[in-house]
Amino acid sequence: MSKEQFVLQLAQRLSGRWTIPILLSLENSGGRFTPLQRQLDIAPARLSDNLKQLSDAELIHHLTPLERRHPLLPEYKLTEKGKLYREAAQAIRSSEARIGHGALSAKAWNVPVLVALNYQHGRFQEIRRVLQPVTPRILSARLDELHGEELIVREIADQPRPSFVYELSSLSAKPIETLTADLSSLV
Amino acid sequence: MFVPGFTVWYSVKSIERTLAFYTEKLGFEVLFHNPEWGMAMVKTNTEGCVIGFSEAETVEPSTSSTVFDVADIEDAVSKLKRLDVSFSGEIEVIDDFVKLATFADPDGHSLMLSEQLTEL
């Protein structure tokens, strides 16, 4: 896998309403369910589902009641892979803060689209190819939303045939460039 | 090496439900309660002996019992039964040694009452 593929995949894995918040809050809630749930203000069943997905992706390890020697010790711990993903999550958070348009990563494909544009993949089919398995419908919706928020610029190119070409806007270019470099340094 | 003091810790599903049981039914006093962290401790009526609770997503009922000494086991059992504490089985007697009664807390952690029949 190339560095670019890795970075795009990392950005995609870190999307969703709760993925980044959980990775960033796990350790300061002592790895325990209740403090984490209170800190994130998330429904318990929802948190369980999300933790299950993160365990399946091997980003966190769920300790069995027998492995926990004391009820105050962590129920969940970040794996080595999870620690790497947390670094990436922090990089995404700080770029979101610089952009100032909220938690872009809460919606699937937002951040990967921006990063793909930073890699100069400007045409729809090209973005779609590097971000597979994204569906054309979702990709087109995200491009519209990002365009609406002025995070990307859309221009018409004549060559080789008339089509839209997307680019990062002045608002997003610098933060996404930094983000790409940060994610890339984690490979 | 040791100083006087003894703590038993349990993982529980809900701190509030647990504290209601240990204070209202067993009559112990809350020593400390932090709802944000889902943890609490109660004082037993033995100096330095406390029970701690911490919320967990998955709780395995503990089979090793914490045993509380009582003066009159029949009396204690019927008092707790009036408070809807359910006991498993009848009072068991180990001749000339001890009388035991087994019950459980809301998470199924095994607890017992014991009346000594002889001076140790």
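Described in the following lines is the structure provided in the data block.

From N to C terminus, chain A includes nine helices and four strands. Counted from the first residue to the last, chain A has its helices and strands arranged as α-α-α-α-β-β-α-α-α-α-β-β-α. The principal-axis extents of the C-alpha atoms in chain A amount to approximately 65 × 30 × 30 Å. Out of the 187 residues belonging to chain A, those deemed buried represent 35%. Restricting to contacts in chain A with at least 6 residues of sequence separation, those with at least 24 account for 59%.

Residue and element names in this part refer to chain B. With respect to topology, four strands assemble into an open sheet ordered β5-β8-β7-β6, the strand pairing being mixed. In this open sheet, the two edge strands, each paired with only one partner strand, are β5 (66–69) and β6 (87–94). Neighbour to neighbour, the strand axes of the sheet diverge by 25 degrees on average, direction disregarded. Both β5 and strand β8 (residues 110–116) contribute to a ladder of four bridges, which runs parallel. Residue T66 lies in a different strand from β8, and its bridge partner there is L111. Packing of helix α2 (residues 73–82) onto the sheet brings it into contact with β6, β7 (98–104) and β8, and relative to β6 it is tilted by some 175 degrees.

Facing the 14 residues of chain B at the interface are 11 residues of chain A. Where the side of chain B that touches chain A is concerned, the elements lending two or more residues are β1 (6–12) and β4 (49–55) of chain B. For the side of chain B that touches chain A, the element with the highest residue contribution is β1(B), accounting for three residues. Residue composition of the side of chain B that touches chain A, by class: six nonpolar, four polar and four charged.

Residue and element names in this part refer to chain B. Strand order in the open sheet formed by four strands is β1-β4-β3-β2, with mixed pairing between adjacent strands. Looking at strand neighbours, the two that pair on one side only are β1 and β2 (29–34), the edges of this open sheet. Along the sheet, successive strands turn relative to each other by an average axial angle of 20 degrees, direction set aside. The strands touched by helix α1 (residues 15–25) are β1, β2, β3 (39–43) and β4; relative to β3, the strand with the most contacts, the crossing angle is about 5 degrees.

Moving on, we get to the nonpolar core. If you look at the biggest cluster of nonpolar residues, it comprises 42 residues, and the most contacted ones within it are A:A11, A:L14, A:A88, A:I92, A:L114 and A:V115. It is helix α6 (residues 110–118) of chain A that provides the largest number of residues to this core, a total of six residues. Membership of the second largest hydrophobic core comes to 10 residues, among which are B:F21, B:A40, B:M41 and B:I51.

A separate point is the environment of A:L8. Residue and element names in this part refer to chain A. If you trace the backbone, L8 turns up in helix α1 (residues 3–13). Sequence spacing of L8 and L114 is 106 residues, and the spatial spacing of their C-alpha atoms is 9.6 Å. Every residue in contact with L8, bar those within four places of it in the chain, is listed here: P112, V115, A116, V130 and L131.

This part is about the environment of A:H62. Residue and element names in this part refer to chain A. Assignment of secondary structure puts H62 in strand β1 (residues 60–62). For the pair H62 and E75, spaced 13 residues apart in sequence, the C-alpha to C-alpha distance is 6.0 Å. For H62, the contacting residues outside a window of four places in its chain are S55, E75 and Y76.

Each neighbour pair has its own omega, and for A:Q132 with A:P133 the value is 20 degrees, a cis peptide bond. Position of A:P133 among the secondary structure elements: in the loop between α7 (124–130) and α8 (136–148). Positive phi values are uncommon outside glycine, yet B:D96 reaches one of about 60 degrees. Looking at the secondary structure, you find B:D96 in the loop between β6 and β7.

Time to look at the pairing of β7(B). Residues and elements named next belong to chain B. Here β6 pairs with β7 via five bridges, running antiparallel. Note that in β7 the partner of I94 across the bridge is V98. Here β6 hands over to β7 after three residues, with D96 in that stretch at a positive phi of 60 degrees. Where β7 hands over to β8, the hairpin turn is made up of five residues, of which G108 adopts a positive phi near 85 degrees.

Here we come to helix α3 (residues 33–40) of chain A. Looking at α3(A), one finds that the buried residues are A:F33, A:T34, A:P35 and A:L36. Looking at the buried positions of α3(A), the neighbouring elements they touch are α2 (19–25) and α4 (44–56) of chain A together with β4 of chain B. Looking one or two residues beyond α3(A), the residue adopting positive phi is A:D41, at roughly 55 degrees.

The rules we used
Residues numbered from 1 in each chain as written. Chains lettered and ligands numbered in written order. Predicted model: local features only at pLDDT ≥ 70, side-chain atom pairs only at ≥ 80, totals over all residues. Helix = DSSP H or I, 4+ residues; strand = E, 2+ residues; numbered from the N terminus. Buried ≥ 20, exposed ≤ 12 C-beta atoms within 10 Å, placed from the backbone. Contact = placed C-beta atoms within 7 Å. Pairing = 2+ DSSP bridges. Axes fitted to C-alpha atoms, helices over the stretch in contact; angles between N-to-C directions. Nonpolar A, V, L, I, M, F, W, Y, C, P; charged D, E, K, R; others polar. Core = buried A, V, L, I, M, F, W, Y, C linked by C-beta atoms within 7 Å.

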